[in-house]
Amino acid sequence: MSDRNEKSQKVIRLGTHGEDYGNWMSDPVFYMVCGLTALAALLAVLSFAVLHIPVLCLLFVTAVVGLLALLGWITWIRRQYAFDGGRIMEQVHQTILSYMDYDGKGTLLDVGCGSGALSIRAALTWQEAKVMGIDYWAAVYSYSQALCEKNAASEGAGSRCIFQHGDANKLDFPDESFDAVVSNYVYHNITGADKQKLLLETLRVLKKGGVFALNDEMKPRMYGDMEEFAQNLRDMGYEEVRLIDTAKEVFGSHRRAAMMMLGESKMLVGRK
């Protein structure tokens, strides 16, 4: 990445106008744990005060203690990820774009754009580029096309960002449609899919000479041998292909990344 783009990354700060970028530790998961904690506490009280079964009460009290510990951990993770907190989400986005040797011409695709944050950052970094963000927008996150469009407009990038529903298993674009492609913590959420095939499907829509940066929780049991996959891409003619240890680079250590449930974070970068 050029010095100019490195500097622009440092000065771009999203979420300062009241935008809603959500959190990777989603609201439904947080509220579910809160609800289970409250339910266990209620059952503990009923077991002791109404049913008079001390053993059952102790069981529910133990559950409450465990759920409170889990809730504390989740709350800490949410705070670390938040754009108005530890800003880890934003640091990951900065890192992804910093590894792209992209001239900012043409169109960039963000596969699994979520709330639009990475797409918007790309549009603000490369102000001549058009950015397309696609997502399935599953119910587990409170993201939507309307939210992405609202965030982009608020950040001043609405005219250069397009968001639409899409499926990473089968992208609705012809071969070699985009000059750059990015993705961030998406593929591991697609159950039942061959992760390497998902990567190849994303790279299918990248133009010859285009650049890519695909970041995810690349657990070997899900992804297989990624070093071998990277070599296969080189054998196919891809250039400058390498794996970046984003767990260490962004989070500081694999231990800290694992505490935030992203201990196997890696990014595949290169040029087609």
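Note that the structure is predicted; figures quoted are calculated from it, not measured. Residue positions are given per chain, counting from 1 as you read along its sequence in written order. Given that this is a predicted model, residues contribute local features only at a pLDDT of at least 70 and side-chain atom pairs are listed and counted only at 80 or more, while totals for whole chains, interfaces and linings are drawn from all residues. Note that the side-chain values use all heavy atoms of the structure and ignore hydrogens as well as water.

**Overview of the side chain of E155**
Our working definition: Strands are runs of DSSP state E lasting at least two residues, helices are runs of H or I lasting at least four, and both sets are numbered from the N terminus onward. Buried, partly exposed and exposed residues are distinguished by accessible area as a fraction of the type maximum, computed with a 1.4 Å probe on protein chains only: under 20%, between the cut-offs, and over 50%, respectively. Residues scored as positive are Lys and Arg, those scored as negative are Asp and Glu, and His as well as the terminal groups of each chain are ignored. Only one rule defines a salt bridge in this text: a Lys or Arg side-chain nitrogen within 4 Å of an Asp or Glu carboxyl oxygen. Under this definition, polar contacts are N or O atom pairs within 3.5 Å; protein pairs additionally need one hydrogen-donor-capable and one acceptor-capable atom, and for neighbouring residues in sequence, both atoms have to be side-chain atoms. We call two residues in contact when some of their heavy atoms are within 4.5 Å.
Counting through the fold element by element, E155 comes out in the loop between α6 (145-154) and β3 (161-165). For E155, which is buried and forms no salt bridge, the nearest opposite charge comes from R87, at a distance of 7.9 Å. Only 2.8 Å separates the side chain of E155 from the side chain of Y21, close enough to count as a polar contact. Look past the residues within four positions of E155 in its chain and what remains in contact with it is L14, G15, H17, E19, Y21, I120 and L124.

**Observations concerning the nonpolar core**
How we decide: Only buried Ala, Val, Leu, Ile, Met, Phe, Trp, Tyr and Cys residues count toward a nonpolar core, and they belong to the same one when joined by side-chain atoms within 4.5 Å.
By size, the foremost hydrophobic cluster in this structure holds 52 residues, and its most contacted members are Y81, M100, L108 and F251. Per-element accounting of this core gives the leading share, six residues, to helix α5 (residues 117-125). Residues M132, F178, F212 and L268 belong to the second largest nonpolar core, which totals 29 residues.

**What about the packing of helix α4 (residues 88-98) against α5?**
Heads up, the condition is: In this description, a line fitted to the C-alpha atoms serves as the axis of each element, helices being fitted only across the stretch in contact, and the angle between N-to-C directions of two axes falls anywhere from 0 to 180 degrees. Note on terminology: angles under 35 degrees are roughly parallel, angles over 145 are roughly antiparallel, angles of 65 to 115 are roughly perpendicular, and the others are oblique. Crossing handedness is defined as follows: a turn of the near helix away from the far one that is anticlockwise and smaller than a right angle gives a left-handed crossing, while the clockwise case is right-handed.
Interhelical geometry of α4 versus α5 gives an angle of 50° and a closest axis separation of 10 Å. Here α4 is positioned oblique relative to α5, judged by the angle of their axes. By crossing handedness, the relation of α4 to α5 is classed as right-handed. For the pair α4 and α5, contact is made by E90, H93, Q94, I96 and L97 and by A117, L118, R121, A122 and T125, respectively.

**Re the UniProt feature "transmembrane region" (unreviewed entry) in the protein chain**
Condition: UniProt positions are given in the numbering used here, feature names are shortened, and annotations may be inferred rather than shown by experiment.
As recorded in UniProt, the feature "transmembrane region" (unreviewed entry) lies at residues 29-51 and 58-77. As annotated, residues 29-51 comprises 91% helix and 0% strand, and the C-alpha atoms at either end are separated by 31 Å.

**Here's the deal with the layout of surface pockets**
Note the threshold: Of the grid points, spaced at 1 Å and generated over the protein atoms alone, those admitting a 1.4 Å probe that cannot get out make up cavities, while open sets with protein on both sides within 12 Å along at least five of seven lines make up pockets; any residue with an atom within 4 Å of a point is treated as lining. Grid points are joined across faces, edges and corners, and a volume is the space filled by probe spheres set on the points. Classification convention: Asp, Glu, Lys, Arg as charged; Ala, Val, Leu, Ile, Met, Phe, Trp, Tyr, Cys, Pro as nonpolar; all other residues, Gly among them, as polar.
Reported here for the largest pocket is a volume of approximately 1000 Å³. Lining the largest pocket are 42 residues, with Y141, Y185, V186, H188 and N189 sitting closest to its centre. Here the residues of the lining of the largest pocket sort into 25 nonpolar, twelve polar and five charged.

**Focus: the state of the cysteines**
What counts is decided by this rule: A pair of sulfur atoms, both from cysteines and within 2.5 Å, is called a disulfide here.
Under the defined criterion, the tally for this structure stands at zero disulfides. The structure places no disulfide on C161, whose sulfur is separated from the nearest cysteine sulfur, that of C148, by 9.2 Å.

**A closer look at the sheet that holds strand β5 (residues 206-217)**
Basically, it comes down to this: Paired strands are those between which DSSP finds at least two bridges.
Spatially, β3-β2-β1-β4-β5-β7-β6 is the arrangement adopted by the seven strands of the open sheet, whose pairing is mixed. Across the chains shown, the open sheet's two edge strands, defined by having one partner strand only, are β3 and β6 (239-244). On average, each strand axis in the sheet is inclined to that of its neighbour by 15°, with strand direction left out of account. Sheet analysis places β5 next to strand β7 (residues 265-271), joined by seven bridges and oriented antiparallel. Bridge pairing in β7 links V211 to R271. Where α5 meets the sheet, its contacts fall on β1 (107-111), β2 (130-135), β3 and β4 (178-184), and the angle it forms with β3 comes to roughly 155°.

**Let's talk about unusual backbone geometry**
Phi is positive for H52, close to 55°, though the residue is something other than glycine. In this fold, H52 is placed in the loop between α2 (27-49) and α3 (54-81). At E240, a residue that is not glycine, the phi angle is positive and equals roughly 55°. Given the relative accessible area of 53%, E240 is considered exposed.

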